[in-house]
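As a plain string of letters, each chain reads:
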Amino acid sequence: MEDTTNLSPKADASLYNGQPSDTGLSCPSAGLTSRTPSISDNVRYGVSVENVPAGNKRWFVLRVSYGRIDKAKTFVEAKGLECYVPLRYKEVRKQGKKRIIPKPLLPSLIFLHASAEQVEALLHNNKVVVNDSRPLLSYYFDHTIHRQDNPDRNPPLIIRDEAMNNFIRLASIKNPHIIPVTSNSIQFKIGDNVVVTEGEFKGVHGRVARIAGQQRVVVELFDGCLVATAYVPKEAMKLYNEN
């Protein structure tokens, strides 16, 4: 993949702030506003599609078939839709020089900012190759709730704008120590709800946790999707009351 060491985190809008280059549309997450609230420990942001007003855009989470994240991004952008592919920044050395290489942070997921009708149309026929039996994209379902019209099924997962803004704020920082984590890798139960007040993670909301022997702030976008900052000292954060 091309080296982007000298690029700012917003250099490629389609990768960094949720806005594809060919739409000319502004994205609610592009400004990364400081009013972003933190994610509560047990709150789920799943919203049933039948409750979304027609024409309103929401952040949908879509699964991407294995190894096809670049194709998925290209496919979505070709339809003129806004998408966000979070990156992580791996530090490597080549010929004695340090370089930062971007890689997908969540290689099996893509975030689509669109209406329910646009997503349904996109997924109706999304094979890149005619003879390919695997769909390129599919819904990521919210297993914490059930559809009102069909109690035996789960609705597609939708992320609130505030939660998505906070996640993009963190994922846009070019720091190789930002990592996806699992609940098993967190040594202590996620604790106090805080906002980072200093340093490169300033403005990020999340929960304090100890991971790999370091105090970090964990952002939970949805159940099972957790991303941790690099080390954050105690004096660089303060308690945050959501109420």
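Below: a short report on this structure. (Residues numbered from 1 in each chain as written. Predicted model: local features only at pLDDT ≥ 70, side-chain atom pairs only at ≥ 80, totals over all residues. Heavy atoms only, no water.)

Structural notes on the side chain of E82
Mapped onto the elements, E82 comes out in strand 2 (residues 82-84). Classification of E82 by relative accessible area gives buried; the value is 1%. A polar atom in the side chain of E82 sits 2.8 Å from the side chain of K57. (Helix = DSSP H or I, 4+ residues; strand = E, 2+ residues; numbered from the N terminus. Buried < 20%, exposed > 50% of the residue type's maximum accessible area, 1.4 Å probe, protein only. Polar contact = N/O pair within 3.5 Å; in protein donor to acceptor, adjacent residues only side chain to side chain.)

A look at the pattern of salt bridges
For the coordinates displayed, the defined rule picks out four salt bridges. We note a salt bridge from K57 to E82, for which the minimum N-O separation is 2.8 Å. Of this pair, K57 sits in the loop between helix 1 (13-16) and strand 1 (58-64) while E82 is found in strand 2, placing the two residues 25 residues apart along the sequence. Relative accessible area serves as the criterion here: at 29%, K57 is assigned to the partly exposed category. (Salt bridge = Lys/Arg side-chain N within 4 Å of Asp/Glu carboxyl O.)

What to know about helix 3 (residues 116-124)
Given 3.6 residues to a turn, an α-helix orients residues that are three or four positions apart in the same direction. Looking only at helix 3, the buried set comprises A116, V119, L122 and L123. In a view along the axis of helix 3, the buried residues occupy a sector of 125°, so they form one face of it. Across helix 3 from its buried face, at more than 90 degrees, point the exposed residues A121 and H124. Tucked into the core, helix 3 has its buried residues touching strand 1, helix 2 (69-78), strand 5 (109-114) and strand 6 (137-139). (Arc of directions from axis to C-beta. Contact = heavy atoms within 4.5 Å.)

A closer look at the pairing of strand 4 (residues 97-104)
In this structure, strand 3 (residues 87-94) lies alongside strand 4, joined through eight bridges in antiparallel fashion. Residue L87 lies in a different strand from strand 4, and its bridge partner there is P104. Hairpin connection of strand 3 to strand 4: two residues between the antiparallel strands, including Q95 at a positive phi of 55°. (Pairing = 2+ DSSP bridges.)

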